[in-house]
There are 2 protein chains.
Amino acid sequence: MPTPPRTSLTAIVRAARHLLETDGLEHLTMLRVAQAVGVRGPSLYKHVRDRGDLVRLIGNDAIQELSSRVSAAATHENPRQDLQAIARTLRGFARDYPETYSLLWARMPDAWRFDQDLNVLATEPLLRAVACLAGEADRLAAARMFFAWAHGFITMELAGAFRLGGDVDAAFEFGLGRLVAAFSPPVRSQKSSQR
Amino acid sequence: MPTPPRTSLTAIVRAARHLLETDGLEHLTMLRVAQAVGVRGPSLYKHVRDRGDLVRLIGNDAIQELSSRVSAAATHENPRQDLQAIARTLRGFARDYPETYSLLWARMPDAWRFDQDLNVLATEPLLRAVACLAGEADRLAAARMFFAWAHGFITMELAGAFRLGGDVDAAFEFGLGRLVAAFSPPVRSQKSSQR
DNA sequence: ACCTGAACACCGTTCAAGT
DNA sequence: ACCTGAACACCGTTCAAGT
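Think of each chain on its own: its residues are numbered from 1, step by step along the sequence as written. In the order they appear in the text, chains get letters beginning with A and ligands get numbers beginning with 1. Local features are withheld for residues below a pLDDT of 70 in this predicted model, meaning they are given only at 70 or higher, and side-chain atom pairs are given and counted only at 80 or more; totals for whole chains, interfaces and linings count all residues. Only hydrogens and water are set aside when side-chain values are computed; all heavy atoms of the structure are taken into account.

**Student:** Please explain the interface of chain B and chain A as it appears in this structure.
**Tutor:** How big an interface is tends to be reported as the loss of accessible area on association of its parts. Contacts are assigned to residue pairs with any non-hydrogen atoms lying within 4.5 Å of each other. With 51 residues of chain B at the interface, the matching set in chain A holds 51 residues. Buried area is calculated as the accessible area (1.4 Å probe) missing from two parts once they are joined, with the contributions of both summed. Of the roughly 4,400 Å² buried between chain B and chain A on both sides combined, carbon and sulfur atoms contribute 60%. On the chain B side of the interface with chain A, the three residues burying the most area are B:Arg107, B:Arg144 and B:Arg178, jointly 18% of the side's total. We count a salt bridge whenever a side-chain nitrogen from Lys or Arg sits within 4 Å of a carboxyl oxygen from Asp or Glu. Taken together, the connections running from chain B to chain A amount to four salt bridges. Close ionic contact of A:Asp138 with B:Arg178 constitutes a salt bridge, the shortest N to O distance being 3.5 Å. The numbering of helices and of strands both runs from the N terminus, where a helix is a DSSP run of H or I of at least 4 residues and a strand a run of E of at least 2. Those elements that place two or more of their residues in the side of chain B that touches chain A are helix H5 (98-104), helix H6 (116-134), helix H7 (139-159) and helix H8 (168-181) of chain B.

**Student:** It is not clear to me how the relation of the copies chain B and chain A should be interpreted in this structure. Could you clarify?
**Tutor:** Copy one and copy two of the chain differ by a rotation about a common axis and a shift along it. Here the copies were fitted onto each other by least squares, based on C-alpha atoms from residues at pLDDT of at least 70 in both. With an RMSD of 0.0 Å, chain B superimposes on chain A once it is rotated by 180° and translated 0.0 Å along the axis. When the rotation and shift are considered jointly, the pair of chain copies conforms to a two-fold rotation axis. Comparing interface residues between copies, 96% of those in chain B also lie at the interface in chain A; the contact surface is shared.

**Student:** Looking at this model, I keep getting lost on helix H4 (residues 79-96) of chain A. Mind explaining?
**Tutor:** At 3.6 residues per turn, the α-helix brings residues three or four places apart onto the same side. All names here are of chain A. With 18 residues, H4 should reach 26 Å at 1.5 Å per residue; the first-to-last C-alpha distance of 25 Å fits that figure. Residue exposure (1.4 Å probe, protein chains only): buried if accessible area is under 20% of the type maximum, exposed if over 50%, otherwise partly exposed. Pro79, Asp82, Leu83, Ala85, Ile86, Ala87, Thr89, Leu90, Arg91, Phe93 and Ala94 are the residues of H4 that are buried. Where H4 is buried, its residues contact helix H1 (9-23), helix H3 (51-73), helix H5 (98-104), helix H6 (116-134), helix H7 (139-159) and helix H8 (168-181). By this rule the span expected of a helix is its residue count minus one, scaled by 1.5 Å.

**Student:** I would appreciate a short explanation of the layout of surface pockets in the present structure.
**Tutor:** It is a probe the size of a water molecule, rolled over the atoms, that shows where empty space is left. Detection works on a 1 Å grid of protein atoms alone, calling trapped sets that fit a 1.4 Å probe cavities and calling open sets with protein on both sides within 12 Å along at least five of seven lines pockets, with lining residues defined by an atom within 4 Å of a point. Grid points are joined across faces, edges and corners, and a volume is the space filled by probe spheres set on the points. Computed from the structure, the largest pocket encloses a volume of approximately 1,200 Å³. Along the wall of the largest pocket there are 37 residues; nearest its centre are A:Leu25, A:Ala106, B:Leu25, B:Ala106 and B:Arg107. Breaking the lining of the largest pocket down by element, the ones donating at least two residues are H5 and H7 of chain A together with H5 and H7 of chain B. Residues are grouped as follows: Ala, Val, Leu, Ile, Met, Phe, Trp, Tyr, Cys and Pro are nonpolar; Asp, Glu, Lys and Arg are charged; every other residue, Gly included, is polar. Residues of the lining of the largest pocket, tallied by class, amount to 20 nonpolar, eight polar and nine charged.

Below you can see the structure in the form of structure tokens.
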């Protein structure tokens, strides 16, 4: 005899992401998610394959939100301004949702990772901006350089790894400025050295 | 009545680090560590405060090994060569011990993190090399920029995040070259260059 | 001093049984 | 069709009891 669902996938994912953010991944428990949406633990398995699947759905949710923030921020005429906006948007998202951000590019089983097509979508504004500066040939390498720096900085900041003192905000702007500047084509004069 | 210890802290840490590397952090279990060193689970608590403490000891062990690798690699006359050697050493360590490397700068409770004085020690070669290129004033910001890039690149590589194709090794060298070049003082527009 | 079994509160997951 | 309690194998950790 059919019975109406007492919860929904979207409610489960929302509750799980909230729990992740407040208590961390190790406290993101099937039982606690179930409790948050008002069912018993085993019922979740009617909506989700297992805990890894739930992590994947949280990632999908988060990368879409991050992606739309990035798209909204990267609308300048000048690709350098777009790059700066993208980096600051990433950092802002990480500050709003540190646990969720950490999850996005954490080391995990493949089945737990957010979907690749969402990754492609999220990466597009960065690739576009970088192509203008570094040229088509170096597009991918330059995008990886830029994202590696931004992601590394944000990750270390979230991990509390910047403990040697100094102004962390200033260090972020320092890196951002130097990095954007470094994207000019390298060989721009036959006679002088490079920058 | 005193009885001789049937295991030791160093044996426990070594077994735990090995278990971490082979099976991942979530499978690093007190019971499995105990089994690996030949005692029962509860006995570990005579040597270690709790699981977080064990994670901290693994981190201490790993950062010391990484630190000595970095020191051994950063012995060139030219600070640019030292920077390149440092980055490649980090990446090599991460390839040898991906789980351990991921752990080192992961988001964790403070009590789980490796000791700060070991961090200072490990950072010294980088700070020294960077100071020669970026100048004393920008030393810390430049070191953070460099390490953020290297760490971000390595982290993404370990996480399997580079899935847009392209040559990842080439992207690493691209970033490394551009980054080292970017450490010249920025205002060279007076017609001169630096150094 | 160190090790042990038993115990407690918690996990993820399965499954037969309910509606 | 969805939800549930009971069950299983596993956790981390404590503690009284052994030697």
